[in-house]
Amino acid sequence: MTTDCYSFVQPGADYTKIKPIDQKITVTYINEYIINTVNFLNKFTQSSEKSLLSLTQKLTELNTLITILESKLSSIDGDVLNVAVEAPPPPPPPASSEPLASDNPTQEPAGGEEEEVLQPEEEEEVPSGPSLDPAFLPFLKQLKVGVHPMQVKMGMDRANLDSSEIMDEAGTVTINLVEAIAQLNAAAS
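A quick note: this is a predicted structure, and the numbers were derived from the prediction, not measured. (Residues numbered from 1 in each chain as written. Predicted model: local features only at pLDDT ≥ 70, side-chain atom pairs only at ≥ 80, totals over all residues. Heavy atoms only, no water.)

Quick word on the nonpolar core
So, step 1. By size, the foremost hydrophobic cluster in this structure holds 17 residues, and its most contacted members are Leu-132, Phe-136, Leu-140, Val-152, Met-156 and Ile-166.
So, step 2. Going through the elements one at a time, helix H6 (137-144), helix H7 (149-158) and helix H8 (177-188) are the ones with two or more residues in this core.
So, step 3. Those residues in contact with Leu-140 that sit more than four places away from it in its chain are Leu-132, Ile-166, Ile-175, Leu-177, Ala-180, Ile-181 and Leu-184. (Core = buried A, V, L, I, M, F, W, Y, C linked by side-chain atoms within 4.5 Å. Buried < 20%, exposed > 50% of the residue type's maximum accessible area, 1.4 Å probe, protein only. Helix = DSSP H or I, 4+ residues; strand = E, 2+ residues; numbered from the N terminus. Contact = heavy atoms within 4.5 Å.)

Let's talk about H7
So, step 1. Among the residues making up H7, those that are buried are Val-152, Lys-153, Gly-155 and Met-156. For H7, the buried positions fall inside an angular range of 160° around the axis, keeping them on one side. Facing away from the buried side of H7, by more than 90 degrees, are the exposed residues Met-154 and Arg-158.
So, step 2. In this fold, the buried residues of H7 make contact with H6.
So, step 3. Following H7 by one or two positions, Asn-160 has its phi on the positive side, about 60°. (Arc of directions from axis to C-beta.)

Regarding the confidence of the model for the protein
So, step 1. Of the residues in the protein, 67% have a pLDDT of 70 or more, and the chain-wide mean is 74.
So, step 2. Helix H5 (residues 113-125) is the least confidently modelled element of the protein, averaging 41 in pLDDT, while helix H1 (residues 23-75) averages 94, the highest of any element.
So, step 3. The model gives residues 92-102 a pLDDT under 50, and that stretch makes 8 contacts with residues more than four places away or in other chains.
So, step 4. Low pLDDT, under 50, characterises residues 107-129; the predicted model gives this stretch 14 contacts beyond four residues in sequence or across chains. (pLDDT = per-residue confidence, 0-100.)

Printed below as a string of structure tokens:
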């Protein structure tokens, strides 16, 4: 298309005297536009599908790793976790036995110091808090061995368990893990 043949088109021109653009040229321009647009859309779709495929593969790998970790954690015997964890808690029972001793002054003269030590341990095995569903046990074990609380919370959501029973919205654990695991193990026995 040359500009010379249409140079006489001006604001006040009579359009009935101007000859139309050839249809072949118009169809060629439209076809070129459609071809360019379709090529762009095809390239964009291919790159999007590649990205989605790589994300799907990564998610599948992560899901497999989580499943393997959960199976390993569920295969760990609860006694192994309690033995490894019960070493730090013995210092707190003497601190907690003092308030219990002041609450029960009649037990001190009647029994020896051994009975005072045994009674708090029995109370620790059965915490006075709300009892937990045994389905929480694998998630408590995961928290005990150091799995991030938000990952445990997502696992609990997948298992349709209420995570608010053991942690708050920020992922902070609100119960004593050692006592809860001991309680659930005792209930399972």
